[in-house]
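Structural characterization, general
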Amino acid sequence: GAVVSQHPSWVICKSGTSVKIECRSLDFQATTMFWYRQFPKQSLMLMATSNEGSKATYEQGVEKDKFLINHASLTLSTLTVTSAHPEDSSFYICSARDWGEAYGYTFGSGTRLTVV
Amino acid sequence: AQSVAQPEDQVNVAEGNPLTVKCTYSVSGNPYLFWYVQYPNRGLQFLLKYITGDNLVKGSYGFEAEFNKSQTSFHLKKPSALVSDSALYFCAVSFRSGNTGKLIFGQGTTLQVKP
(Lines give C-alpha, C1' and ligand atoms only; values in the text may rest on other atoms or scores of the structure.)
Protein backbone atom coordinates (compact mmCIF):
# COMPACT_ATOMS: atom_id res chain seq x y z
CA GLY A 1 0.00 0.00 0.00
CA ALA A 2 0.87 3.66 -0.12
CA VAL A 3 3.63 4.76 2.24
CA VAL A 4 4.45 8.22 3.54
CA SER A 5 7.78 8.76 5.22
CA GLN A 6 8.11 11.61 7.70
CA HIS A 7 11.41 12.80 9.16
CA PRO A 8 12.63 13.39 11.70
CA SER A 9 10.61 11.36 14.19
CA TRP A 10 11.59 13.69 16.95
CA VAL A 11 13.64 16.85 17.28
CA ILE A 12 14.72 19.11 20.09
CA CYS A 13 15.72 22.65 19.24
CA LYS A 14 16.52 25.88 20.99
CA SER A 15 14.17 28.83 21.03
CA GLY A 16 14.71 31.12 18.08
CA THR A 17 16.00 28.47 15.73
CA SER A 18 14.17 26.95 12.76
CA VAL A 19 13.27 23.33 12.21
CA LYS A 20 12.41 21.58 8.97
CA ILE A 21 10.18 18.51 8.80
CA GLU A 22 10.04 16.42 5.63
CA CYS A 23 7.18 14.37 4.30
CA ARG A 24 7.78 12.04 1.36
CA SER A 25 5.42 9.82 -0.55
CA LEU A 26 7.48 6.73 -1.33
CA ASP A 27 5.49 4.81 -3.91
CA PHE A 28 2.98 7.25 -5.31
CA GLN A 29 2.77 10.83 -6.46
CA ALA A 30 1.14 13.16 -4.00
CA THR A 31 -0.14 16.31 -5.63
CA THR A 32 -1.80 17.22 -2.34
CA MET A 33 -0.40 16.90 1.15
CA PHE A 34 -1.80 18.02 4.46
CA TRP A 35 -0.06 19.17 7.62
CA TYR A 36 -1.64 18.62 11.02
CA ARG A 37 -0.72 19.58 14.53
CA GLN A 38 -1.72 17.50 17.52
CA PHE A 39 -1.57 18.42 21.20
CA PRO A 40 -1.41 15.68 23.84
CA LYS A 41 -4.57 13.61 23.98
CA GLN A 42 -6.27 15.92 21.52
CA SER A 43 -7.43 15.73 17.97
CA LEU A 44 -5.55 16.61 14.81
CA MET A 45 -5.81 20.23 13.81
CA LEU A 46 -5.37 20.87 10.11
CA MET A 47 -2.76 23.57 9.62
CA ALA A 48 -2.49 23.78 5.87
CA THR A 49 -3.03 22.06 2.57
CA SER A 50 0.03 21.80 0.38
CA ASN A 51 -0.30 21.59 -3.38
CA GLU A 52 2.61 20.69 -5.61
CA GLY A 53 3.94 23.66 -7.48
CA SER A 54 1.76 26.26 -5.81
CA LYS A 55 1.38 28.09 -2.54
CA ALA A 56 -0.04 26.28 0.43
CA THR A 57 -3.51 27.05 1.69
CA TYR A 58 -3.46 27.80 5.39
CA GLU A 59 -6.31 27.31 7.81
CA GLN A 60 -7.65 30.25 9.71
CA GLY A 61 -5.47 31.23 12.62
CA VAL A 62 -2.32 29.52 11.35
CA GLU A 63 0.58 31.91 10.79
CA LYS A 64 1.93 31.32 7.30
CA ASP A 65 5.15 33.16 8.06
CA LYS A 66 5.69 31.00 11.09
CA PHE A 67 4.95 27.68 9.45
CA LEU A 68 6.50 27.68 5.99
CA ILE A 69 5.32 24.95 3.68
CA ASN A 70 7.03 23.99 0.46
CA HIS A 71 5.78 21.36 -1.96
CA ALA A 72 8.30 21.54 -4.75
CA SER A 73 7.90 18.03 -6.12
CA LEU A 74 5.23 15.37 -6.42
CA THR A 75 6.81 13.33 -3.65
CA LEU A 76 8.07 15.86 -1.13
CA SER A 77 6.51 18.48 1.09
CA THR A 78 8.33 20.26 3.89
CA LEU A 79 7.15 22.17 6.92
CA THR A 80 9.59 24.65 8.44
CA VAL A 81 8.83 26.03 11.87
CA THR A 82 10.63 29.36 11.90
CA SER A 83 11.93 31.09 15.02
CA ALA A 84 10.55 28.33 17.15
CA HIS A 85 9.27 28.98 20.66
CA PRO A 86 8.27 26.58 23.43
CA GLU A 87 4.60 27.01 22.53
CA ASP A 88 5.38 25.48 19.13
CA SER A 89 6.24 22.23 20.84
CA SER A 90 3.80 19.67 19.53
CA PHE A 91 3.32 16.55 17.45
CA TYR A 92 3.21 17.33 13.73
CA ILE A 93 1.76 14.85 11.26
CA CYS A 94 1.66 14.97 7.49
CA SER A 95 -0.75 13.21 5.20
CA ALA A 96 -0.75 12.64 1.48
CA ARG A 97 -3.64 12.12 -0.81
CA ASP A 98 -3.24 9.03 -2.95
CA TRP A 99 -5.27 9.76 -6.04
CA GLY A 100 -4.74 6.20 -7.23
CA GLU A 101 -7.15 5.01 -4.57
CA ALA A 102 -10.63 6.35 -4.07
CA TYR A 103 -10.29 8.83 -1.24
CA GLY A 104 -7.10 7.34 0.04
CA TYR A 105 -5.20 9.29 2.67
CA THR A 106 -1.90 8.02 4.00
CA PHE A 107 -0.29 9.46 7.11
CA GLY A 108 3.30 9.89 8.10
CA SER A 109 4.49 8.60 11.45
CA GLY A 110 4.65 12.08 12.94
CA THR A 111 7.35 14.37 14.33
CA ARG A 112 7.61 15.25 18.00
CA LEU A 113 9.00 18.78 18.23
CA THR A 114 10.28 20.06 21.55
CA VAL A 115 11.49 23.64 21.77
CA VAL A 116 13.62 24.44 24.80
CA ALA B 1 -20.52 24.29 9.63
CA GLN B 2 -19.19 20.86 8.81
CA SER B 3 -18.22 18.92 11.90
CA VAL B 4 -17.58 15.51 13.35
CA ALA B 5 -18.32 14.56 16.94
CA GLN B 6 -17.12 11.67 19.05
CA PRO B 7 -19.20 12.01 22.21
CA GLU B 8 -17.07 9.73 24.38
CA ASP B 9 -13.58 10.67 25.51
CA GLN B 10 -12.96 7.12 26.63
CA VAL B 11 -14.54 3.72 26.17
CA ASN B 12 -13.70 0.86 28.49
CA VAL B 13 -14.45 -2.73 27.58
CA ALA B 14 -13.36 -6.15 28.76
CA GLU B 15 -11.40 -8.36 26.42
CA GLY B 16 -13.67 -10.62 24.41
CA ASN B 17 -16.66 -8.30 24.71
CA PRO B 18 -18.06 -6.32 21.79
CA LEU B 19 -17.00 -2.71 21.47
CA THR B 20 -18.58 0.38 19.97
CA VAL B 21 -16.96 3.77 19.43
CA LYS B 22 -19.47 6.40 18.46
CA CYS B 23 -19.25 9.04 15.76
CA THR B 24 -21.80 11.51 14.47
CA TYR B 25 -21.42 14.12 11.80
CA SER B 26 -23.01 17.32 10.66
CA VAL B 27 -22.50 18.10 7.01
CA SER B 28 -24.19 19.42 3.96
CA GLY B 29 -24.21 17.04 1.05
CA ASN B 30 -22.90 13.51 1.05
CA PRO B 31 -19.98 12.85 3.37
CA TYR B 32 -17.13 10.45 2.96
CA LEU B 33 -16.42 8.93 6.37
CA PHE B 34 -13.31 7.36 7.81
CA TRP B 35 -11.98 5.68 10.93
CA TYR B 36 -8.33 5.82 11.93
CA VAL B 37 -6.41 4.42 14.89
CA GLN B 38 -3.40 6.02 16.54
CA TYR B 39 -0.91 4.39 18.86
CA PRO B 40 1.25 6.56 21.17
CA ASN B 41 3.67 8.85 19.31
CA ARG B 42 2.71 7.38 15.97
CA GLY B 43 0.86 8.53 12.90
CA LEU B 44 -2.62 7.40 11.98
CA GLN B 45 -3.44 3.97 10.63
CA PHE B 46 -6.40 3.56 8.33
CA LEU B 47 -9.16 1.21 9.50
CA LEU B 48 -12.03 1.69 7.07
CA LYS B 49 -13.99 4.16 5.03
CA TYR B 50 -17.43 4.73 3.61
CA ILE B 51 -17.63 6.34 0.22
CA THR B 52 -20.77 4.93 -1.32
CA GLY B 53 -22.69 1.67 -1.61
CA ASP B 54 -23.32 -0.79 1.19
CA ASN B 55 -23.88 0.99 4.50
CA LEU B 56 -21.98 -1.70 6.43
CA VAL B 57 -18.27 -1.33 5.88
CA LYS B 58 -15.74 -3.93 6.96
CA GLY B 59 -12.18 -2.88 7.61
CA SER B 60 -8.87 -3.87 9.07
CA TYR B 61 -8.32 -5.96 12.23
CA GLY B 62 -11.92 -7.12 12.39
CA PHE B 63 -13.43 -3.66 12.71
CA GLU B 64 -16.59 -2.58 10.95
CA ALA B 65 -18.78 0.50 10.83
CA GLU B 66 -22.29 1.26 9.69
CA PHE B 67 -23.21 4.42 7.85
CA ASN B 68 -26.60 5.60 9.07
CA LYS B 69 -27.77 8.57 7.09
CA SER B 70 -30.95 9.21 9.06
CA GLN B 71 -29.06 9.33 12.35
CA THR B 72 -25.98 10.94 10.75
CA SER B 73 -23.81 8.36 12.49
CA PHE B 74 -20.87 6.16 11.60
CA HIS B 75 -20.16 4.08 14.72
CA LEU B 76 -17.14 1.82 14.82
CA LYS B 77 -17.71 -1.73 16.07
CA LYS B 78 -15.89 -4.95 16.73
CA PRO B 79 -17.54 -8.19 17.92
CA SER B 80 -14.73 -9.23 20.26
CA ALA B 81 -12.23 -6.75 21.65
CA LEU B 82 -8.54 -7.48 22.13
CA VAL B 83 -6.18 -5.87 24.61
CA SER B 84 -4.08 -4.82 21.61
CA ASP B 85 -7.02 -2.76 20.34
CA SER B 86 -6.34 -0.26 23.13
CA ALA B 87 -5.49 2.98 21.34
CA LEU B 88 -6.84 6.36 20.29
CA TYR B 89 -9.52 6.24 17.61
CA PHE B 90 -10.49 9.05 15.27
CA CYS B 91 -13.52 9.46 13.08
CA ALA B 92 -13.04 11.79 10.12
CA VAL B 93 -15.04 13.23 7.27
CA SER B 94 -13.96 14.45 3.89
CA PHE B 95 -15.59 16.89 1.55
CA ARG B 96 -15.11 18.06 -1.93
CA SER B 97 -13.37 21.29 -1.12
CA GLY B 98 -11.96 22.43 -4.41
CA ASN B 99 -9.78 19.53 -5.47
CA THR B 100 -8.24 18.86 -2.09
CA GLY B 101 -10.86 16.94 -0.13
CA LYS B 102 -9.29 17.71 3.22
CA LEU B 103 -10.08 15.52 6.23
CA ILE B 104 -11.75 16.92 9.32
CA PHE B 105 -11.34 14.90 12.49
CA GLY B 106 -13.46 14.26 15.52
CA GLN B 107 -12.05 14.79 18.98
CA GLY B 108 -10.85 11.24 19.34
CA THR B 109 -11.89 8.42 21.67
CA THR B 110 -9.49 6.44 23.80
CA LEU B 111 -10.35 2.77 23.81
CA GLN B 112 -9.18 0.82 26.84
CA VAL B 113 -9.54 -2.96 26.63
CA LYS B 114 -8.86 -4.73 29.90
CA PRO B 115 -7.85 -8.38 30.21
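Residues numbered from 1 in each chain as written. Chains lettered and ligands numbered in written order. Predicted model: local features only at pLDDT ≥ 70, side-chain atom pairs only at ≥ 80, totals over all residues. Heavy atoms only, no water.

1. Brief notes about the interface of chain A and chain B
Residue-level contacts link 24 residues of chain A with 22 residues of chain B. Summing the contributions of chain A and of chain B, the shared interface buries around 1,800 Å²; its carbon and sulfur component is 54%. Joining chain A to chain B, the criterion identifies one salt bridge. The salt bridge involving Glu59(A) is made with Lys102(B); its shortest N-O contact spans 3.0 Å. Counting the contacts that link chain A with chain B gives seven residue pairs in polar contact (both at pLDDT 80 or more). At the level of elements, β4 (32-38), β5 (44-51), β9 (90-98) and β10 (104-107) of chain A are the ones that each hand at least two residues to the side of chain A that touches chain B. (Contact = heavy atoms within 4.5 Å. Buried area = accessible area lost by both parts, 1.4 Å probe. Salt bridge = Lys/Arg side-chain N within 4 Å of Asp/Glu carboxyl O. Polar contact = N/O pair within 3.5 Å; in protein donor to acceptor, adjacent residues only side chain to side chain. Helix = DSSP H or I, 4+ residues; strand = E, 2+ residues; numbered from the N terminus.)

2. Points about the nonpolar core
Grouped together as the largest cluster of nonpolar side chains are 27 residues, with contacts concentrated most on Trp35(B), Leu47(B), Leu48(B), Phe74(B), Leu76(B) and Tyr89(B). For this core, the secondary structure elements donating two or more residues are β2 (10-14), β3 (19-21), β5 (32-38), β6 (44-50), β8 (64-68), β9 (73-78), β10 (87-94) and β12 (109-114) of chain B. Among the elements that take part in this core, β10(B) stands out by supplying four residues, more than any other. Excluding residues that lie within four positions of it along the chain, Tyr89(B) makes contacts with Gln6(B), Trp35(B), Tyr36(B), Val37(B), Leu47(B), Phe63(B), Leu76(B), Gly108(B), Thr109(B) and Leu111(B). Of all hydrophobic cores here, the second largest spans 25 residues; its members include Cys13(A), Val62(A), Phe67(A) and Leu113(A). (Core = buried A, V, L, I, M, F, W, Y, C linked by side-chain atoms within 4.5 Å. Buried < 20%, exposed > 50% of the residue type's maximum accessible area, 1.4 Å probe, protein only.)

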